[in-house]
Amino acid sequence: MQFETIAVHSGHEVDGSTGAVAEPLNLSVTFERDADGAYRRGYFYSSKGNPNRNALERAFADLEHGNVGIAFASGCAAISAVLRTLKPGDHVLVPDDVFQGTIRILREVLARWGITHSMVDMTHAQSVQRAFQPNTRMIWVETLSNPLLKITDLELIADLARRQRAISVVDNTFVTPVFQHPLESGIDLVVHATTKYAGGHSDVLGGLVVAPDASSITDEIRRIQQLEGAVPSPFDCWLVHRGLRTLSCRMRSHAENALCVARTLEQHPLIETVHYPGLQSHPQHALAKRQLCGGFGGIVSIQVKGSPQLATKICANVRIFRSATSFGGAESLIQHQASSPTHGTNTGLAENLLRLSVGLEHPHDLIADLEQAIRAASATESFT
Ligand SMILES: *Cc1c(COP(=O)(O)O)cnc(C)c1O
């Protein structure tokens, strides 16, 4: 079956007791035991599993071409669970522009438990190879990367990891399984912040881990999920599961709109650089075309000309875009990365960089909004 069909149907059975076609929301924390003490209906306590969470886990695993899905209360809870399969003394390689939540978990929590890490340019195979230590047990990749949308060759990383007997993990939040299937490239685990595109409406936090098959590592992650209780509520699962049904249409629209915005801004006299893997000018456009299937995602990063204040002034002048963090919702967002609280520890981010989460509005309205915001911002420039 194709992605769209799986997305609409996986985990969505007609309810046997009522005939309801839409998935019922099941809030029960506890489930009745059979007379002989068994739990034949499959549930006994909600943190161990409940109908809405199980349905979401199955659907997401199907969409990522895996067999095991493990849901968490947020992307960071999922990331933390994966990292905590490591033991004291183990070492992990992460990208030099890794998501801030991931690096902060490593620096501020796991370092105390004796898990070390190195940051490395994942787009450069020799740098990755050189960074391996005898105790390297995991290699963490984000592709596309944030905010410069760099691309890492997944087959290469999977191969390097296998040869070093390290677990390879891909955070697939930026492009989703609509455009990229890391497990097909031999990657061991995929993680997601379903908060972003999977939920798709900026109204639910969630995280997911997917693996090709059950293994000692997925057992460990499942144990962390069930014992520690950082689980999504049934309603959160219901929202993300509903989001998956429209994921493909939404991602295609996000990507079409993003390409349109990127191409137009590339011609703008006050824009210095546009970072988008769908542009010919992207240094890894060829790899992007090979690795991504059907689209290049919905995020565009731009660097503006002029004073460092111009970028923040553009954020102050948008009318359709919202100046806010996050991405993946229907509404377009603009973020000045260097001054954002979520990027407090990421040094070296250009002051003139803006990240756009291109939403589902009409692209011409989005372009007009950015053009008027740039105009308004540069008009105030000349007076100061
Ligand atoms: C947002 C995000 C996360 C974390 O997700 P939360 O649900 O906010 O904890 C992890 N990875 C990437 C790439 C993200 O963009």
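The model shown is predicted, which means the values in this text are computed figures rather than measured ones. (Residues numbered from 1 in each chain as written. Predicted model: local features only at pLDDT ≥ 70, side-chain atom pairs only at ≥ 80, totals over all residues. Heavy atoms only, no water.)

K.L.:
An account of the site of the ligand is requested, with residue identities and associated values reported.
P.N.:
In the vicinity of the ligand lie 13 residues, with G75, C76, D171, T195 and K196 positioned nearest. One of the side-chain nitrogen or oxygen atoms of D171 is found 2.7 Å away from a nitrogen atom of the ligand. For the ligand, an oxygen atom lies 2.7 Å from a polar atom in the side chain of K196. For the ligand, whose unbound accessible area comes to 390 Å², protein coverage reaches 90%. When residues in the shell around the ligand are grouped by element, the largest group, three residues, is from helix α3 (residues 75-83). (Near = heavy atom within 4 Å. Polar contact = N/O pair within 3.5 Å; in protein donor to acceptor, adjacent residues only side chain to side chain. Areas by Shrake-Rupley, 256 points an atom, 1.4 Å probe, with all protein chains shown as cover. Helix = DSSP H or I, 4+ residues; strand = E, 2+ residues; numbered from the N terminus.)

K.L.:
An account of the nonpolar core is requested, with residue identities and associated values reported.
P.N.:
The biggest cluster of nonpolar side chains holds 64 residues, and the ones touching the most others in it are Y276, V300, I302, I314, I334 and L356. The element best represented in this core is helix α10 (residues 247-266), accounting for eight residues. Two domains each provide a minimum of three residues to this core, namely domain 1 (3-244) and domain 2 (248-380). Not counting residues up to four positions away in its chain, the partners in contact with L356 are V261, L265, G298, I299, V300, I302, F321, L333, I334 and L370. Core analysis: the next-biggest nonpolar cluster, separate from the first, contains 28 residues, V68, F72, A81 and V92 among them. (Core = buried A, V, L, I, M, F, W, Y, C linked by side-chain atoms within 4.5 Å. Buried < 20%, exposed > 50% of the residue type's maximum accessible area, 1.4 Å probe, protein only. Domains from an automatic or database assignment. Contact = heavy atoms within 4.5 Å.)

K.L.:
Describe in detail the pairing of strand β4 (residues 136-142), supporting the description with residues and values.
P.N.:
Extensive coverage of β4 is indicated by the burial of six of its seven residues. Sheet analysis places strand β2 (residues 91-95) next to β4, joined by three bridges and oriented parallel. Looking at the pairing, H91 lines up with T136 of β4. (Pairing = 2+ DSSP bridges.)

K.L.:
Give a description of the environment of D365 that names residues and reports values.
P.N.:
Residue placement: D365 occurs in helix α13 (residues 363-381). Along the backbone, D365 and E155 are 210 residues apart, and their C-alpha atoms lie at a distance of 39 Å.

K.L.:
Account for the sheet that holds strand β11 (residues 333-336), with residues named and values stated.
P.N.:
With mixed pairing, five strands are arranged side by side in an open sheet as β8-β9-β12-β11-β10. With one partner strand each, in any of the chains shown, β8 (271-275) and β10 (322-323) form the two edges of the open sheet. Here five bridges tie strand β9 (residues 299-304) to strand β12 (residues 353-357), and the two strands are oriented antiparallel to one another. Paired with S301 across the bridge in β12 is R355. Helix-sheet contacts for α10 involve β8, β9 and β12, and the interaxial angle to β8 is about 155 degrees. Packed onto the sheet, helix α12 (residues 309-317) meets β9, β10, β11 and β12 and runs at close to 150 degrees relative to β11. (Axes fitted to C-alpha atoms, helices over the stretch in contact; angles between N-to-C directions.)

K.L.:
Explain the environment of Q100 residue by residue, including any values.
P.N.:
Relative to the helices and strands, Q100 resides in helix α4 (residues 100-108). Assessed through its relative accessible area of 6%, Q100 is described here as buried. The spatial distance from the C-alpha of Q100 to the C-alpha of D15 is 41 Å, given a sequence separation of 85 residues.

K.L.:
Just give me the short version of the packing of aromatic side chains, but keep the residues and values in it.
P.N.:
Enumeration over the complete set of coordinates arrives at six aromatic pairs. Plain terms: the ring middles of F31 and Y43 are 5.3 Å apart, the flat faces sit at 35 degrees to each other, and that makes the pair tilted. In this pair, F31 sits in the loop between α1 (3-9) and α2 (51-63) while Y43 sits in the loop between α1 and α2, placing the two residues 12 residues apart along the sequence. Arranged with centres 5.9 Å apart and planes meeting at 20 degrees, the rings of F235 and W238 form a pair that is stacked. One end of the pair is F235 and the other is W238, both in helix α9 (residues 234-245) and three residues apart, which spans about a single turn. In this structure an aromatic cluster arises from ring pairing among F174, Y197 and F327. (Phe/Tyr/Trp six-rings, centres within 6.5 Å; stacked < 30°, edge-to-face > 60°.)

K.L.:
Explain the pairing of strand β1 (residues 68-72) residue by residue, including any values.
P.N.:
Counting buried positions along β1 yields five of five residues, so the element is predominantly enclosed. Alternating positions in β1 separate into two faces, V68, I70 and F72 on one and G69 and A71 on the other, with burial throughout. For β1 and strand β7 (residues 207-211), the ladder comprises five bridges, and the chain directions are antiparallel. Looking across to β7, one finds that A71 is bridged to L208.

K.L.:
Please set out the side chain of Q180 residue by residue, giving values where relevant.
P.N.:
Its location among the elements puts Q180 in the loop between α7 (176-179) and β6 (189-193). Judged by relative accessible area, Q180 falls into the buried class, the value being 2%. Only 2.9 Å separates the side chain of Q180 from the backbone oxygen of T143, close enough to count as a polar contact. Of the polar contacts made by the side chain of Q180, one reaches the side chain of Q291; its length is 3.4 Å.

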